[in-house]
Amino acid sequence: MSFAAGYGKTNVDMLFADMPRLPEEGEEIFTDKFSLCIGGGVPGTMITLGRLGVECKTVTELSEDMFSSFALSEFRKAGVEPINVYEGENVAVNITAAAITKNDRTFWSYGNPDKSVDPEKIYNALKGAKAVAMHEDHPEVYRRLREEGTTVILDTGFIEGMSLDSYKGLLEIAHYYLPNRKEATILTGENDPKMAVKKLSEYLDTAIMKLDKDGCLIYKNGKYTLVKSIDEFTHVDSTGAGDAFFAGFMYGIMKDEPIERCVLFGNITGGKCVTAVGCTTAYFNEAELLAMAEKYRDNIVENY
């Protein structure tokens, strides 16, 4: 079990930044700030993790279109070889165009209408991984992997209508769940972060809750630990921060680090992500991550 893995749709983002305003219907507005990058989701997490030197397998859906070709190139640059489980004829990746103004951003998105992917193919591609990023679909795949000794980590992001009842089955499979403050509050009905993680601990041996700029709260063995955020990062764009946190956290799991240090790694990679526009634009290599973790080792506050 020497590799990390995860299944998820690949998102390709076209980012039009510094737009003076949004165009009205029939208008064309130009900017000289444009980038094309892999967007959020498990494939983005695997790219950040691959850049940290971890062997990764990204199980995803690609086709013969130019956006899939771009995604394949980006995966390989990060040292991540994707495993394609798509057999349809549509453009397989999700595509988003984002117009970014001074005050906000507007999105135009395409999603592949073909949802049929054989879960057995997903299982076979993920089998043997030391740690797997869990997807909310196909829970039977992740239950099998956990029974075989794989560490299974859940981070689904906000979903309209999410509830503890609907998530209970997923939480019972996962070793770790990585919700942010909003998600944990909605699931548990608790506004106090300490009460929220304590309630999540009814399903998880170690409960974790991301507190945005306030860091990350851990509840384990009846004790709270706060891992503070990294104050030197300048916020530019929050897109992809959760996926980058996930990558840092998985790096720690792959290295058999204590959970508090896994979260510190996540705070570092997530914090670095927000310093540039795009999900996978700003990142650290392994040496840089370890240097930052040493610099901020006192950010772990036990008995909080």
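Whatever comes next refers back to the structure up there.
First, a word on what this report is: a plain description of the structure on this page. (Residues numbered from 1 in each chain as written. Predicted model: local features only at pLDDT ≥ 70, side-chain atom pairs only at ≥ 80, totals over all residues. Heavy atoms only, no water.)

### Things to note about the packing of helix α4 (residues 139–147) against helix α5 (residues 164–173)
In step 1: The geometry of α4 relative to α5 is characterised by a closest axis approach of 9 Å and an angle of 25 degrees between their N-to-C directions. As far as their axial angle goes, α5 and α4 are roughly parallel. In terms of crossing hand, the pair formed by α4 and α5 is left-handed. Contacts between α4 and α5 involve Pro139, Tyr142, Arg143 and Arg146 on the former and, on the latter, Gly169, Leu170, Glu172 and Ile173.
In step 2: Among the residues forming the contact of α4 with α5, the class breakdown is four nonpolar, one polar and three charged. (Axes fitted to C-alpha atoms, helices over the stretch in contact; angles between N-to-C directions. Helix = DSSP H or I, 4+ residues; strand = E, 2+ residues; numbered from the N terminus. Parallel < 35°, antiparallel > 145°, perpendicular 65-115°, else oblique. Left-handed = near helix turned anticlockwise from the far one by under 90°. Contact = heavy atoms within 4.5 Å. Nonpolar A, V, L, I, M, F, W, Y, C, P; charged D, E, K, R; others polar.)

### Re the pattern of salt bridges
Where charged atoms from two side chains of opposite charge come close, those side chains can pair.
In step 1: One pass over the structure, following the stated rule, counts 17 salt bridges.
In step 2: Glutamate 74 serves as the salt-bridge partner of lysine 77, at 3.1 Å between the closest nitrogen and oxygen. Separated by three residues within a single helix, lysine 77 and glutamate 74 lie in helix α2 (residues 66–77), roughly one turn from each other.
In step 3: Among the residues examined, lysine 77 registers a relative accessible area of 65% and is labelled exposed.
In step 4: Salt-bridge contacts for arginine 261 lead to glutamate 257; the nearest nitrogen and oxygen are separated by 3.1 Å.
In step 5: Taken together, the shared-partner salt bridges in this structure form one network comprising Asp18, Asp32 and Lys33. (Salt bridge = Lys/Arg side-chain N within 4 Å of Asp/Glu carboxyl O. Buried < 20%, exposed > 50% of the residue type's maximum accessible area, 1.4 Å probe, protein only.)

### Notes on the sheet that holds strand β13 (residues 223–227)
In step 1: Strands sit in the order β11-β12-β13-β14 across an open sheet of four strands; the sheet is antiparallel. Looking at the sheet topology across the chains shown, the edges are occupied by β11 (206–210) and β14 (300–302). If you compare each strand with its neighbour and ignore which way they point, the axes differ by 20 degrees on average.
In step 2: On top of the sheet, helix α7 (residues 193–200) reaches β11, β12 (216–220) and β13; it is set at about 140 degrees to β11, its chief contact. (Pairing = 2+ DSSP bridges.)

### Overview of unusual backbone geometry
In step 1: In this structure, aspartate 212 is a non-glycine residue whose phi angle is positive, near 60 degrees.
In step 2: Tracing the sequence through the fold places aspartate 212 in the loop between β11 and β12.
In step 3: Aspartate 212 sits in the exposed class, given a relative accessible area of 54%.
In step 4: In this structure, aspartate 256 takes a positive phi of about 60 degrees despite not being glycine.
In step 5: Checked against the element boundaries, aspartate 256 lands in the loop between α8 (241–254) and α9 (259–273).

These figures capture arrangement, not role.
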